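# Fold and geometry: a report
Spelled out from the first residue to the last, the chains are:
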Amino acid sequence: MSDFVIIPDAASSMSQELRERFHVPDYIKTRITFPDGSAHDTTLDWEEISADDYYMSMREHKVLYKTGVGSIEAAAEVFERYLKIGMDVLSLTLSTGISGTYGILTKAAESLKEKYPDREIIIIDSLR
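The following refers to the structure shown.

The rules behind the values
Residues numbered from 1 in each chain as written. Predicted model: local features only at pLDDT ≥ 70, side-chain atom pairs only at ≥ 80, totals over all residues. Heavy atoms only, no water. Helix = DSSP H or I, 4+ residues; strand = E, 2+ residues; numbered from the N terminus. Rg over C-alpha atoms; globule rule 2.2 N^0.38 Å. Buried < 20%, exposed > 50% of the residue type's maximum accessible area, 1.4 Å probe, protein only. Areas by Shrake-Rupley, 256 points an atom, 1.4 Å probe, with all protein chains shown as cover. Lys, Arg positive; Asp, Glu negative; His and termini not counted. Charge placed at Lys NZ, Arg CZ, Asp CG, Glu CD. Expected span 1.5 Å × (residues − 1). Contact = heavy atoms within 4.5 Å. Pairing = 2+ DSSP bridges. Axes fitted to C-alpha atoms, helices over the stretch in contact; angles between N-to-C directions. Right-handed = clockwise from strand over helix to strand, strands pointing away.

### Some details on the overall build of the chain
From N to C terminus, the chain includes four helices and six strands. For the chain, the N- to C-terminal ordering of α and β elements is β-α-β-β-α-β-α-β-α-β. Taken against the 2.2 N^0.38 rule, which gives 14 Å for 128 residues, the C-alpha radius of gyration of the chain at 15 Å falls within 12% of a compact globule. Structurally, the chain occupies a C-alpha span of about 50 × 30 × 25 Å along its principal axes. A buried classification covers 34% of the 128 residues belonging to the chain. Put simply, the chain shows about 8000 Å² of open surface, and 52% of that area lies on carbon and sulfur atoms. With 14 positive and 22 negative side-chain charges, the chain shows a spacing of 3 Å between the two charge centroids.

See below:
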């Protein structure tokens, strides 16, 4: 593997401080649907709702949020930012036991193989 970038998914919950410390410049967004039906991209900085409010409301059964995986195209776009400047990609995902993100990222990686044959994209399922 050449120079590489680490790209986690939004479930990693890495703070801005940790991302800077470990040189993690990007991440794969997923979707969250709020109880009012509005849908938003997830962010690692909890811009739409605080982590405490999110988890507390779920624990107390006050409200139910729905989460979903992002698109293959959006993931490929993130990967391609680094492939086109000559970097390989190491991506870490939420467990396949509870998320479909690994499958989406694997398909995104496959879609880029022909265009970047000398680059590597390694997707790691946190279940392992």
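### Considerations on helix α3 (residues 72-83)
The end-to-end C-alpha separation of α3 is 16 Å, in line with the 16 Å expected for 12 residues at 1.5 Å each. Those residues of α3 lying buried are A75, A76, V78, F79, E80, Y82 and L83. Structurally, α3 contributes buried residues whose contacts are with β1 (4-8), β5 (88-93), α4 (101-112) and β6 (121-125).

### Digging into unusual backbone geometry
Look at H23: it is not a glycine, yet its phi comes out positive at around 55 degrees. For H23, a relative accessible area of 65% puts it in the exposed group.

### Observations concerning the sheet that holds strand β3 (residues 39-41)
The three strands lie next to each other as β3-β2-β4, forming an open sheet whose pairing is antiparallel. Two strands close off the open sheet at either side, each with one partner strand: β3 and β4 (66-68). Averaged over all pairs of adjacent strands, the angle between their axes in this sheet comes to 25 degrees, without regard to strand direction. In this sheet, β3 lies alongside strand β2 (residues 31-33) in antiparallel orientation, the contact comprising three bridges. From the neighbouring strand, T33 faces β3, where its bridge partner is A39.

### Brief notes about the pairing of β5
Of all six residues making up β5, five are buried, and the element is well covered by its neighbours. Across five bridges, β1 lies against β5 in parallel orientation. Counted as the bridge partner of F4 is D88 from β5. Between β5 and its parallel partner β6, the chain crosses via α4, and the hand of that crossover is right-handed.

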